[in-house]
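Structural overview for review
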Amino acid sequence: EFRRVLFRSDTEAMVTNIKNFVTQYNDMIGLVSTKVNDVHDKAYAPLTDEQKTAMKDADITAWEAKAKVGLLHNDDALKNASNAYRSYFSSSVQSISTSFNSLNSVGITTKPYNSAAPNDAGKIVLDETKLRAAIAQDSDGVIKLFTNQDVVTDSKGNTQITNKQGIFQSMYIQANKTITSLSHKAGNTGAVVNDANTDLGIQLINLGRKITDFEDRKS
């Protein structure tokens, strides 16, 4: 969503777009924090086919929803993404020659950690007065802070994050890395459960082999 935010030269449109960014970012960080902090209830194990035949469809849906809670608890990919996003608020875009080269300089800061509301950690706050002042002084500089392009790839053709890219560009690259990491771990939507191209699939295949070996030894 971040890269879909478009800028126009008039102040009101820029303020609206940046406020939309703040809302989208906070929604995303809230979701990531929830998934990382959720703890799985062991009482809700995956249902067997036999168990499903004795249940109503609505009850199956409700059970499976609870069974999925906590599956991403302390997930490394999500924690790494959250830490990467947080770092953007203490760094600057070095390709910008004006003083408006950091989110703080245009009035965007992060909320402090509050143990009473852990899922709000990392969410951002907008000082609209400071933002409007920055736009009035250097609208082009503010636009570059978010959208500046600086494409750098490694030897494998993977796009890298640099300190010269705009905030949206860096977040877009980081989001793709996180999605790739999660897909490699668990597979894409609609993929078979025991996909040998995923970490979880390999674990399931190995578990199946161990079960088969165990049963062979028993017989």
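This write-up is about the structure you can find in this document. (Residues numbered from 1 in each chain as written. Predicted model: local features only at pLDDT ≥ 70, side-chain atom pairs only at ≥ 80, totals over all residues. Heavy atoms only, no water.)

1. Thoughts on the packing of helix 1 (residues 11-37) against helix 4 (residues 76-87)
It is the contact of helix 1 with helix 4, at a shortest axis distance of 10 Å, that shows an interaxial angle of 145°. Once helix 1 is placed against helix 4, the crossing between them reads as left-handed. Between helix 1 and helix 4, the residues in contact are Tyr25, Met28, Ile29, Val32, Lys35 and Val36 and Leu78, Lys79, Ser82, Tyr85 and Arg86, respectively. The residue inventory of the contact of helix 1 with helix 4, partitioned by class, reads seven nonpolar, one polar and three charged. (Axes fitted to C-alpha atoms, helices over the stretch in contact; angles between N-to-C directions. Helix = DSSP H or I, 4+ residues; strand = E, 2+ residues; numbered from the N terminus. Left-handed = near helix turned anticlockwise from the far one by under 90°. Contact = heavy atoms within 4.5 Å. Nonpolar A, V, L, I, M, F, W, Y, C, P; charged D, E, K, R; others polar.)

2. Quick word on the pattern of salt bridges
The final tally for this structure, using the stated rule, is five salt bridges. The partner of Lys19 in a salt bridge is Glu128, and the shortest N-O contact between them spans 3.4 Å. Residue Lys19 is located in helix 1, and its partner Glu128 is located in helix 5 (residues 128-147); the two are separated by 109 residues in the primary sequence. Overall, Glu128 belongs to the partly exposed group, its relative accessible area being 28%. (Salt bridge = Lys/Arg side-chain N within 4 Å of Asp/Glu carboxyl O. Buried < 20%, exposed > 50% of the residue type's maximum accessible area, 1.4 Å probe, protein only.)

3. Examining helix 4
In this model helix 4 runs 16 Å from its N-terminal to its C-terminal C-alpha over twelve residues, within 8% of the 16 Å that 1.5 Å per residue would give. Within helix 4, the full set of buried residues consists of Ala77, Leu78, Ala81, Ser82, Ala84 and Tyr85. Buried residues of helix 4, viewed axially, fall in a sector of 165°; they line one side. Residues of helix 4 that are exposed and point more than 90 degrees away from the buried face comprise Asp76 and Asn80. Looking at where helix 4 begins, the residue whose side-chain oxygen comes 3.0 Å from the main-chain nitrogen of Ala77 is Asp75. (Expected span 1.5 Å × (residues − 1). Arc of directions from axis to C-beta. Polar contact = N/O pair within 3.5 Å; in protein donor to acceptor, adjacent residues only side chain to side chain.)

4. Structural notes on helix 5
Along its 20 residues, helix 5 runs just 19 Å from first to last C-alpha, ending more than 12% under the 28 Å computed at 1.5 Å per residue. Maximal helix bending in helix 5 amounts to about 115°, located at Asp138. Within helix 5, burial applies to Leu131, Ala134, Ile135, Asp138, Gly141, Val142, Leu145 and Phe146. (Bend = angle between axes of the 7 residues up to and from the residue.)

5. A look at the packing of helix 1 against helix 5
Working note: a packed helix pair is described by the angle between its axes plus the distance between those axes. Across the interface, helix 1 lies against helix 5 with an axial gap of 10 Å and an inter-helix angle of 85°. Relative to helix 5, helix 1 is oriented roughly perpendicular. On helix 5, the residues touching Thr11, Glu12, Met14, Val15, Ile18, Lys19 and Phe21 of helix 1 are Glu128, Leu131, Arg132, Ile135, Ser139, Val142, Ile143 and Phe146. A breakdown of the residues in the contact of helix 1 with helix 5 according to their chemical character gives nine nonpolar, two polar and four charged. (Parallel < 35°, antiparallel > 145°, perpendicular 65-115°, else oblique.)

6. Quick word on the side chain of Asn148
Counting through the fold element by element, Asn148 comes out in the loop between helix 5 and strand 3 (152-153). Only 2.7 Å separates the side chain of Asn148 from the backbone oxygen of Lys164, close enough to count as a polar contact. Beyond its immediate chain neighbours, meaning those up to four positions away, Asn148 contacts Ser95, Ile143, Lys164, Gln165, Gly166 and Gln169.

7. Digging into the environment of Val22
On the secondary structure map, Val22 appears in helix 1. With 86 residues separating them along the chain, Val22 and Ile108 place their C-alpha atoms 8.6 Å apart. Setting aside residues up to four positions removed in sequence, Val22 forms contacts with Ile124 and Leu126.

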